[in-house]
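So you can see what is in the structure, the chains are spelled out below.
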Amino acid sequence: RRWYVHAAVLIVLLLIPNPARAELYVNPWTGIVFGNPQAGSGPRAVGVNVGSASQGFMGSEISLGYAPGIFGSGADNSLLDFMGGLTIGPSFGRMKRAVRPFALGQLGTIRTHIGTTTNAPPFTRSDSAVGVGGGVSARLGDRLALRADVRYLRTFNPESAPNSLRVDVGNF
C-alpha cells in the first residue's frame, strides 16, 4: 500500500512543468554597407534580428535588413534582405553576465530595386543569397545584452538573372 503513495508522488513530480529556458531576443540594428561609395556617409542600413540563443552551443536567427540609396542618389534604389540561419558559439560566464562569441551562417533572399528617372520600368529582382559572419554578445543583466557583429552577404549566380538596365548588382 505504501508503494502507491510513492508512485503517486513520483507521478505528480514528473508532471510538474519545468521553467522554460529558451531565450528569445529581438535585436534592432543599424549598419554600414562596405564596398560602395556610400559607405563613407555613415549608417546606410537598418533592420531587426529575431532569434533564440540559450546557454547552449547553437542558436537560430532570422534577419530582415533594408539599405536605401545603396547605389547612389541618381535614382530611387534599395536592397532588402531576408535571411535565416544558425549561430554557433560557446557561452562564458554566469547566466546573467555571460559573454558569447559566435559565428553565423545564413541563407535567404536579397531584393534589389532600382527606380528610373525616365519612363522606363524600374529594375526589381530577388536573388537567393548566403550570409556569413561572426560577433560577440555580452549579457548585461536578466533582460539586456549588447551585441556586435560583422556579416558578409552575397547573392548566388547574379550574372545569370535577367537585367534589362545593364547594371551590375551582384557585386555590391
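Reading guide: rules and limits
Residues numbered from 1 in each chain as written. Predicted model: local features only at pLDDT ≥ 70, side-chain atom pairs only at ≥ 80, totals over all residues. Heavy atoms only, no water. Salt bridge = Lys/Arg side-chain N within 4 Å of Asp/Glu carboxyl O. Helix = DSSP H or I, 4+ residues; strand = E, 2+ residues; numbered from the N terminus. Buried < 20%, exposed > 50% of the residue type's maximum accessible area, 1.4 Å probe, protein only. pLDDT = per-residue confidence, 0-100. Patch = residues over 30% accessible without salt bridge, like charges linked within 9 Å, V, L, I, M, F, W, Y side chains within 5 Å. Areas by Shrake-Rupley, 256 points an atom, 1.4 Å probe, with all protein chains shown as cover.

> I tried to follow the pattern of salt bridges on my own but got confused; where do I start?
Counted under the stated rule, the structure contains five salt bridges. Between R151 and E61 there is a salt bridge, with the nearest N and O atoms lying 2.7 Å from each other. On the criterion of sequence distance, the pair formed by R151 in strand β7 (residues 145-155) and E61 in strand β3 (residues 58-68) is long-range, its members being 90 residues apart. The class of R151 is partly exposed, set by a relative accessible area of 24%. The exposure class assigned to E61 is buried, which follows from its relative accessible area of 4%. Note that R147 and D149 form a salt bridge whose closest N and O atoms lie 3.5 Å from each other. Residue class for D149 comes out partly exposed when judged on its relative accessible area of 29%. In this structure, a network of salt bridges that share partners links the residues E61, R147, D149 and R151.

> Got a minute to help me understand the confidence of the model for the chain in this structure?
Should pLDDT be low for a region, the predicted coordinates there are not to be read in detail. Averaged over the chain, the pLDDT score is 78; the fraction of residues at 70 or greater is 76%. When mean pLDDT is taken per element in the chain, strand β5 (residues 99-114) scores highest with 91 and helix α1 (residues 2-15) scores lowest with 74.

> Could you clarify how one ought to interpret a nonpolar patch on the surface in this entry?
Together, V46, I62, L64, Y66, L80 and F82 give the surface a local cluster of nonpolar side chains, amounting to about 510 Å² of exposed area. Contributing elements (two or more residues each) for the nonpolar patch: β3 and β4 (77-88). For the nonpolar patch, the element with the highest residue contribution is β3, accounting for three residues. In this structure F82 comes out as partly exposed when scored by relative accessible area, which is 46%.

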